[in-house]
Amino acid sequence: MNTDQIIQAIAVYAIPVLFAISLHEAAHGYVARYFGDNTAEQMGRLTPNPIKHIDLFGTIILPIVLLFTAHMAFGYAKPVPVDFGRLRNPKKQMGFVAAAGPAANFVMGIAWVLLHVLLVAAGVTEPFLLGMCQAGLWVNAIMCGFNLLPIPPLDGGRIVTAMLPRDLAIKFASIERLGPFIFIGIILLLNTGPFRVLLGALVLFVKSLILLPFSALPSYYVP
């Protein structure tokens, strides 16, 4: 990719990414509040406003640097604070809180596809708008699939923790304290074949599920 292509990609992906991370994090907070923990609300994080969820390094600097250097993007938002001890049934309900983020991405993926269908049906041919819908589909499929990896502190790891017997859950959850090192390891693994194949297969599976409700439409309707 040359510089012009990278800048164009950033322009197309900016809005889908901001929506994806903001509603992902807000979903955690809304479900936590439903189960009794209003920590996110008290800290002003129970909002879809992207500004409240953007991490300067993780959301802006890191993805741009990786895009220009490795031709791939990886980043993160500020996690919504959740006090699992304030949930009415912490062990069981932490799984629902964790699953809320990927679920929000799944729904957003469907919303972007639906927007693409409506634009095509209305005769809109603007490449930027249709490209943004395609970006919205891919961004949310990637975020949903990636966060479902069963590795603490990813959402999938917390879902697994909620499903394990208590003794095993405590041991498995203890891995979460290594979170920064795990993220560094994931970034390094993104350049390895086996991990990319595994993650790619998971993302493609999520993408196929998002597109399933639109399977009866002609192919040019869907991104």
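Residues numbered from 1 in each chain as written. Predicted model: local features only at pLDDT ≥ 70, side-chain atom pairs only at ≥ 80, totals over all residues. Heavy atoms only, no water.

A.B. asks: What is the right way to read the packing of helix H1 (residues 3-34) against helix H5 (residues 127-147) from this model?
C.D. replies: For any two helices packed against each other, the geometry is given by the interaxial angle and the distance between the axes. The interhelical angle for the contact between H1 and H5, taken along N-to-C directions, is 40°, at an axis separation of 8 Å. Here H1 is positioned oblique relative to H5, judged by the angle of their axes. By crossing handedness, the relation of H1 to H5 is classed as right-handed. For the pair H1 and H5, the contacting residues are Ala11, Val12, Tyr13, Ile15, Pro16, Val17, Ala20, Ile21 and His24 in the first and Phe128, Gly131, Met132, Ala135, Gly136, Val139, Asn140, Met143 and Asn147 in the second. (Axes fitted to C-alpha atoms, helices over the stretch in contact; angles between N-to-C directions. Helix = DSSP H or I, 4+ residues; strand = E, 2+ residues; numbered from the N terminus. Parallel < 35°, antiparallel > 145°, perpendicular 65-115°, else oblique. Left-handed = near helix turned anticlockwise from the far one by under 90°. Contact = heavy atoms within 4.5 Å.)

A.B. asks: What's the story with the pattern of salt bridges in this structure? I'm lost.
C.D. replies: Any two side chains of opposite charge can pair, so long as their charged atoms come close to each other. The final tally for this structure, using the stated rule, is three salt bridges. Across the pair Arg33 and Glu41 runs a salt bridge whose closest N-O atoms are separated by 3.1 Å. Put simply, Glu176 and Arg158 hold a salt bridge, and the shortest N to O gap is 2.3 Å. In this pair, Glu176 sits in the loop between helix H7 (166-173) and helix H8 (179-189) while Arg158 sits in helix H6 (residues 155-163), placing the two residues 18 residues apart along the sequence. (Salt bridge = Lys/Arg side-chain N within 4 Å of Asp/Glu carboxyl O.)

A.B. asks: How should I be thinking about a nonpolar patch on the surface in this particular structure?
C.D. replies: A surface patch of nonpolar side chains, about 840 Å² in accessible area, is lined by Ile7, Ile10, Leu56, Phe57, Ile60, Ile61, Ile64, Val65, Phe68 and Tyr76. Listed by contribution, the elements that provide at least two residues to the nonpolar patch are H1 and helix H3 (56-69). The biggest single contributor to the nonpolar patch is H3, with seven residues. Following the sequence through the fold, Ile64 ends up in helix H3. Residue Ile64 is classed as partly exposed on the basis of its relative accessible area, which comes to 35%. (Patch = residues over 30% accessible without salt bridge, like charges linked within 9 Å, V, L, I, M, F, W, Y side chains within 5 Å. Areas by Shrake-Rupley, 256 points an atom, 1.4 Å probe, with all protein chains shown as cover. Buried < 20%, exposed > 50% of the residue type's maximum accessible area, 1.4 Å probe, protein only.)

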